[in-house]
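Secondary and tertiary structure notes
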Amino acid sequence: MASVLVSVEAGVQTLTLNRPEKLNAFVPEMHQELRRALEHALEDPAIRAVLLTGAGRGFCSGQDLAGRNVEPGAAPLDLSVSLGSYYNPLVRRLRELPKPVVCAVNGVAAGAGANIALACDIVLAARSASFVQSFARLGLVPDSGGTYFLPRLVGTARAMGLAMLGEPLPAEQAERWGLIWKCVDDGELMPEATALARKLAARSTKGLGLLKRALYANNSLDAQLDLERDLQRELGFSEDYRKAVAEFMQKKK
C-alpha cells in the first residue's frame, strides 16, 4: 500500500500521508513518494495548488523510531544522514515550490511532523489537533526547520517553552499564538481546506509563487524593497495581471 495517497482535482494535488496505524510516522518510502509527488506538482501546469494532510487520527508523529537500534552497545547513529537525505530536502521543496501549499492538520503533529506542517504556506488544524515539539524528550534539538519556524512565528519565549518542555499545544491556542492560520471544527477541516486550496488554485499561480518568494526572503528593508520592485516588474508584464485588472475594472469576479 502506498505510504502517500495522491489525487488531483480542480487544480489541487491532494497528498495524504498514509500510515495511519503508525500515526503517519515517516519512513524512507514516505519521503520518496512525497518527493516524486511534489516534483510532479512542480512540473505539471495543471496542478496549481497542493493540499497536504494525514490519514486516520493523526497528521504525523514524526520519524518512525522502530527501525533505529539504540540498545546499549549499538553503533552510534548519524542522524545528519536522515536530515540531509530526507527532511531538509522536503522542507526546502515545500518552501521553494512556486505554488501554494495548504496543510490540513487532522490530529497530532509531533516532532518532524509538526515542523513539516509549519513549512507549508497556510496551515489549518482540526480543533482536536495538537502540535508537539517532542525532540527534547529524546535529547535532541528541533529539526526539519523547527528552530527556524518557531521563534519567527510565536517569538523566542514561546518557542523556547514549546521546544524545551515538549508539551502539546492545542490547535486553538496555536491559532491564538499565530503558529497556524486557522483552527476549525473537526468535521469542517477537509471541506474548508479543500475549498481554500481550490480558491488559491483559481488565482494567478505565477503571482502566488513570487509572493511566496518575497515573504520567505530574509532581507534588509532596502533589499526587500528592491525585491518587491523586481517581482512587481515581472508580474506587471504577465497576462494574469492584465486579465485581472480588466476584470476588476469591469467589476467581474
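Structure: above.
On a predicted model such as this, the values are computed, not experimentally measured, just so you know. (Residues numbered from 1 in each chain as written. Predicted model: local features only at pLDDT ≥ 70, side-chain atom pairs only at ≥ 80, totals over all residues. Heavy atoms only, no water.)

In this section: the pattern of salt bridges. It is possible for side chains bearing opposite charge to pair when their charged atoms get close. Taken as a whole and assessed by the stated rule, the structure comprises 10 salt bridges. A salt bridge links Lys 212 to Asp 121, with the shortest nitrogen-to-oxygen separation between them at 2.9 Å. Of this pair, Lys 212 sits in helix α8 (residues 205–215) while Asp 121 sits in the loop between α3 (112–118) and β7 (122–126); the two residues are 91 residues apart in sequence, bridging distant segments of the chain. Asp 121 sits in the partly exposed class, given a relative accessible area of 22%. (Salt bridge = Lys/Arg side-chain N within 4 Å of Asp/Glu carboxyl O. Helix = DSSP H or I, 4+ residues; strand = E, 2+ residues; numbered from the N terminus. Buried < 20%, exposed > 50% of the residue type's maximum accessible area, 1.4 Å probe, protein only.)

Moving on, we get to the nonpolar core. Within the largest apolar cluster, 61 residues are counted, with the highest numbers of intra-cluster contacts made by Leu 34, Phe 59, Val 105, Phe 131 and Leu 179. Here this core takes six residues from helix α7 (residues 189–201), the largest share from any one element. Other than its neighbours up to four places away in sequence, Val 105 contacts Phe 59, Ala 117, Val 123, Leu 124, Ala 125, Ala 126, Ala 129, Phe 131 and Leu 189. Grouped together as the second largest cluster of nonpolar side chains are five residues, Leu 210, Leu 227, Leu 231 and Leu 235 included. (Core = buried A, V, L, I, M, F, W, Y, C linked by side-chain atoms within 4.5 Å. Contact = heavy atoms within 4.5 Å.)

Turning to the sheet that holds strand β9 (residues 169–170), a few remarks are in order. Taken together, four strands build an open sheet; the order of strands is β4-β6-β8-β9 and the sheet is mixed. With one partner strand each, in any of the chains shown, β4 (58–60) and β9 form the two edges of the open sheet. Note: strand β8 (residues 130–132) against β9, two bridges, orientation antiparallel. The partner of Ser 130 across the bridge, within β9, is Pro 170. (Pairing = 2+ DSSP bridges.)

We now examine the sheet that holds β7. The six strands are arranged β1-β2-β3-β5-β7-β10 in an open sheet whose pairing can be described as mixed. What marks the edges here is a single partner per strand, and that holds for β1 (4–9) and β10 (182–184). This sheet shows a mean twist of 20 degrees between the axes of neighbouring strands, independent of strand direction. Relative to strand β5 (residues 101–105), strand β3 (residues 49–54) runs parallel, the two being bridged by four bridges. Across the sheet, the residue bridging to Thr 53 is Ala 104, located in β5. (Axes fitted to C-alpha atoms, helices over the stretch in contact; angles between N-to-C directions.)

Remember, this is a structural readout, not a statement about activity or role.
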